[in-house]
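# Report on the structure
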Amino acid sequence: MAVNENAPALDIIDETFIAVPPSTIASAFADPRSWRLYWPDLVLEVYTDRGDQGLRWTVRGALVGTMEVWLEPVLDGTILHYFLRADLAGERPSPSRLRREADRRARAAKAIALNLKDVLEDGRAPGVAPAVHEGH
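This report concerns the structure included in the present document. (Residues numbered from 1 in each chain as written. Predicted model: local features only at pLDDT ≥ 70, side-chain atom pairs only at ≥ 80, totals over all residues. Heavy atoms only, no water.)

### As for the pairing of strand 3 (residues 54–61)
Sheet analysis places strand 2 (residues 42–49) next to strand 3, joined by seven bridges and oriented antiparallel. Across the sheet, the residue bridging to L44 is V59, located in strand 3. The turn linking strand 2 back onto strand 3 is made up of four residues, and G51 within it adopts a positive phi angle of 60 degrees. Bridge count for strand 3 against strand 4 (residues 63–74) is six bridges, and the pairing is antiparallel. Opposite G54, over in strand 4, you have W70 as the bridge partner. From the end of strand 3 to the start of strand 4, which pair antiparallel, there are one residue. (Pairing = 2+ DSSP bridges. Helix = DSSP H or I, 4+ residues; strand = E, 2+ residues; numbered from the N terminus.)

### Observations regarding the sheet that holds strand 3
Ordered by their spatial adjacency, five strands build an open sheet running 1-5-4-3-2, and the pairing between neighbours is antiparallel. Taken across any chain shown, the strands that pair with only one partner, and hence form the sheet edges, are strand 1 (10–18) and strand 2. When strand polarity is set aside, the average angle formed by the axes of neighbouring strands in this sheet is 20 degrees. Pairing between strand 1 and strand 5 (residues 77–88): nine bridges, direction antiparallel. Paired with D11 across the bridge in strand 5 is R85. In the packing of helix 1 (residues 22–30) onto the sheet, the strands contacted are strand 1, strand 3, strand 4 and strand 5, and the crossing angle to strand 4 comes to about 155 degrees. In this fold helix 3 (residues 95–121) packs onto strand 1, strand 2, strand 4 and strand 5, with an angle of close to 20 degrees to the strand it touches most, strand 1. (Axes fitted to C-alpha atoms, helices over the stretch in contact; angles between N-to-C directions. Contact = heavy atoms within 4.5 Å.)

### Some remarks on unusual backbone geometry
Unlike most non-glycine residues, L75 shows phi in positive territory, near 50 degrees. Structurally, L75 can be placed in the loop between strand 4 and strand 5. For L75, a relative accessible area of 87% gives the class exposed. (Buried < 20%, exposed > 50% of the residue type's maximum accessible area, 1.4 Å probe, protein only.)

### Focus on the nonpolar core
Among the nonpolar cores identified, the biggest contains 30 residues, and F29, W39, W57 and L116 are the most heavily contacted of them. When residues of this core are traced back to their parent elements, those giving at least two are strand 1, helix 1, helix 2 (32–38), strand 2, strand 3, strand 4, strand 5 and helix 3. Sequence-distant contacts of F29, defined by excluding residues within four places in its chain, comprise S34, W35, Y38, W39, L55, W57, V69, L80 and L116. (Core = buried A, V, L, I, M, F, W, Y, C linked by side-chain atoms within 4.5 Å.)

### Notes on helix 1
Listed in full, the buried residues belonging to helix 1 are P22, T24, I25, A26, A28 and F29. Structurally, helix 1 contributes buried residues whose contacts are with strand 1, helix 2, strand 3, strand 4, strand 5 and helix 3.

Here it is, written out as structure tokens:
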């Protein structure tokens with residue numbers, strides 16, 4: 001199998017269903033100050049604002065690459081898709097270092113999604129209409 005040397009070292013993908021409308025989740029990412037809470041070691045710059053469909057950023061800081069949050073309406077909620085494609089800044093990591101970093105970033109992405117799920121669903125029982133949150 002050939003290795004694509006142009007491919008990013010990290011290619012993290014995550015999906016989480018959250019039982020609220022896309023606009024509710026979009027509001028959680030709308031304020032750039034929230035980005036520092038979610039990704040404290042990254043400097044993000046929006047290159048595509050897709051409104052209720054999410055954001056795409058360029059990434060600098062500990063990583064260099066791109067990141068995206070895509071919000072897909074499904075049934076009575078939203079699938080929060082997360083993509084991170086990046087290299088570690090200024091280093092050629094060993095395979096073990098790269099595995100640890102990929103695991104750390106994947107766990108952090110899931111923690112962000114599950115925290116948003118917990119906060120935004122606000123104890124919603126299955127089959128109950130989602131509450132409308134204004135400005136998270």
